[in-house]
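Here's the letter readout for the chains.
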Amino acid sequence: STLMESEEPKTDWFIFTATGIVIAVVTLLLLLAPQASQEAITRTFSFITGKTGLLYIWFGIGVMFFLLLVALGPFGSITLGPSNEHPEHSTLSWIAMLFSTGIGTAILYWGTIEWVEYYENPPFEMEPRSEEALKWSASYGMFHWGIIGWSLYCLPAVCLGYAYHVRNESSLNLSSACRPILRGSTRKVPGRVIDILFMVGLLGSATTGIGLTTPLITESFGAFFGVEQSFGLTFGAVALVVAIIALSVYVGLERGIKQLSNINIVLIFMLMGMIVAWGPAKYIARQGLDSVLFMMTHLPEMSGVGYPAQNKAFTEKWTVFYWAWWLTLGPFVGMFICKISRGRTLRQLILGVLFFGTLGCTICFMILGSYSLYLEQEQGIKIIEAFEQNKHAAVIQVITSLPLGQWSLPLFFLLCVSFAATTYDSASYTLAAAATRKLKPSEHPARWHRVVWAIGLGVLPLVLLSLGRLNGNDQQKDVLESLQTASVVVSLPILFIGVMMAASLTILLFRHNK
């Protein structure tokens, strides 16, 4: 019997089927009652952000300090794995994988255009489109993609990493990271609920990501070949991404995800290099550094220390939404980072994720944001107007204003596709890992299992993108809002699981030498 068992890690059929059923029910509801489900989604969003905003704001701040304490304290020197173990991946490759998984195409979109959102509807009830609003809007995006966000990614990575590599838990899922608190019920109902919430949450937030990504792929393709936007094009884009994922999944983590992530980093450096080389390098450096300094000096206000008395509406619409999104994706990115971080110390893991993650996002925001700001302010290219008509097309306009014009689109198209593929590739890997009963650090979940989730990740966004059309409004905005809300709704239970994981980690660390 031992031979049979060692062939392939066993699938956890309960988690697999339960998640499938939940997703099927939600999808059917969305398709059969689009109007009603969109209203319900919007109501839940405003309820959660309005009533529990404080929870998110302080949880974010708390997690950041908690992680820094672990990293800089005596526990920081604990190695993930046997104490003589060397890191499995080179540091560069490790950074490439964690960055590609954690960010995805979303940064190409938000990095370029987020300042416009805030410039039009600025924080602290400032005058829209004023000088002051500009300062805040150029730096607020960096904050939303900064150290607190990466802390929400890092917490699950540390908790899972410790449980899996140091305590040698047999399966890689959230319930096993909460064992000190769940005790006997880790495999019973409470533990099961936690794992299914994770699966549904990841599918929800990955769908948000794919929903935000697809229009960029179709817009850049359409602009280059002069093709009108259509549902067929959207379908083609999702199919392309899923095909790449399925292929990459098939060749495995080592060759697939690692190669994709490396390609990804090369492509993003090429794009950023092009903008700096041919764009206004001085302007970008000055504007970028100004924004970074502005953000650092205004961290407390941005973090929402004065909430809800100050800046209530803005914080709820943006900061709480962002923390919710990072939170929902957190266990997924965390699980993936955990799997690739064997042999690193807790200190290396925490400081590496917080520093390199934040650095990567900040550079993207500095270059993309400053460049689009330059086009609007110095070149008289109407980015804001384009943005009001079609948000994704505005991003394409920024890219085509480079000296290469239309010819910078193929690079951008490739970058979008490769970013989308790395993120969802890791997502299908993680979904499969979490629905596998026992998984040793050297093992990977079954191939067919990973391909199934890859296809699932493609079907869901198509349903949601067609939802807008069934509603009779082709408004991307509404569809994206229902997507964003979906991720916020799921993030509430994940916040409580986060508290449980942090508490469990603390208990385990204090027992570490015993």
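Residues numbered from 1 in each chain as written. Predicted model: local features only at pLDDT ≥ 70, side-chain atom pairs only at ≥ 80, totals over all residues. Heavy atoms only, no water.

Here we come to the overall build of the protein. For the protein, the count of helices and strands is 21 helices and zero strands. In terms of overall dimensions, the protein is globule-like: its C-alpha atoms have a radius of gyration of 22 Å, near the 24 Å expected for 514 residues. Scored against the burial criterion, the 514 residues of the protein give a buried share of 61%. Considering only residue pairs separated by 6 or more positions, the protein has 84% of its internal contacts joining residues 24 or more positions apart. Only carbon and sulfur atoms are counted for the fraction: they give 66% of the accessible area of the protein, which is about 20400 Å². (Helix = DSSP H or I, 4+ residues; strand = E, 2+ residues; numbered from the N terminus. Rg over C-alpha atoms; globule rule 2.2 N^0.38 Å. Buried < 20%, exposed > 50% of the residue type's maximum accessible area, 1.4 Å probe, protein only. Contact = heavy atoms within 4.5 Å. Areas by Shrake-Rupley, 256 points an atom, 1.4 Å probe, with all protein chains shown as cover.)

Grouped together as the largest cluster of nonpolar side chains are 169 residues, with contacts concentrated most on Leu 108, Trp 110, Trp 145, Trp 150 and Tyr 322. Excluding its chain neighbours within four sequence positions, the residues that come into contact with Tyr 322 are Trp 110, Glu 114, Tyr 118, His 144 and Trp 145. (Core = buried A, V, L, I, M, F, W, Y, C linked by side-chain atoms within 4.5 Å.)

Looking now at a nonpolar patch on the surface. Among the surface-exposed residues, Phe 355, Phe 356, Leu 359 and Ile 363 lie close enough to one another that they form a single nonpolar patch of about 340 Å² accessible area. In this structure, Phe 355 sits in helix α16 (residues 346-377). (Patch = residues over 30% accessible without salt bridge, like charges linked within 9 Å, V, L, I, M, F, W, Y side chains within 5 Å. Salt bridge = Lys/Arg side-chain N within 4 Å of Asp/Glu carboxyl O.)

Here the focus is the environment of Thr 234. Checked against the element boundaries, Thr 234 lands in helix α11 (residues 231-251). When its relative accessible area of 15% is taken as the criterion, Thr 234 is described as buried. Ignoring sequence-local partners within four residues, the contact set of Thr 234 consists of Thr 214, Thr 218, Leu 462 and Leu 465.

With respect to the secondary-structure elements, Glu 117 resides in helix α5 (residues 106-120). A polar contact is formed between the side chain of Glu 117 and the side chain of Lys 391, at a distance of 2.9 Å. (Polar contact = N/O pair within 3.5 Å; in protein donor to acceptor, adjacent residues only side chain to side chain.)

Before going further, it helps to spend a moment on empty space enclosed by the protein. If you walk through the whole model with that rule in mind, you get five cavities of 30 Å³ or more. What the largest cavity holds in volume is close to 210 Å³. Lining the largest cavity are 22 residues, and of these Gly 102, Ile 103, Tyr 153, Trp 325 and Leu 329 sit closest to its centre. Elements represented by at least two residues in the lining of the largest cavity include exactly α4 (91-103), α10 (189-225), α15 (312-340) and α19 (409-434). If one sorts the elements of the lining of the largest cavity by residue count, α15 sits on top with six residues. Looking at side-chain class alone, the lining of the largest cavity contains 14 nonpolar, eight polar and no charged residues. Volume-wise, the second largest cavity comes out at about 130 Å³. (1 Å grid on protein atoms, 1.4 Å probe; cavity = no way out; pocket = protein on both sides within 12 Å on 5 of 7 lines; lining within 4 Å. Points joined across faces, edges and corners; volume = space filled by probe spheres on them. Nonpolar A, V, L, I, M, F, W, Y, C, P; charged D, E, K, R; others polar.)

This next bit is on α11. For α11, spanning 21 residues, the distance from its first C-alpha to its last is 31 Å, which sits close to the expected 30 Å at 1.5 Å a residue. Taken together, the buried positions of α11 are occupied by Leu 233, Thr 234, Ala 237, Val 238, Val 241, Val 242, Ile 245, Ser 248 and Val 249. Among the residues trailing α11, Gly 252 stands out with phi positive, at a value near 105 degrees. (Expected span 1.5 Å × (residues − 1).)

Put plainly, a disulfide is one covalent bond tying together the sulfur atoms of two cysteines. Taken as a whole and judged by the stated rule, the model has zero disulfides. The thiol of Cys 178 is not disulfide-bonded; the next cysteine sulfur, from Cys 159, is found 7.9 Å away. (Disulfide = S-S within 2.5 Å.)

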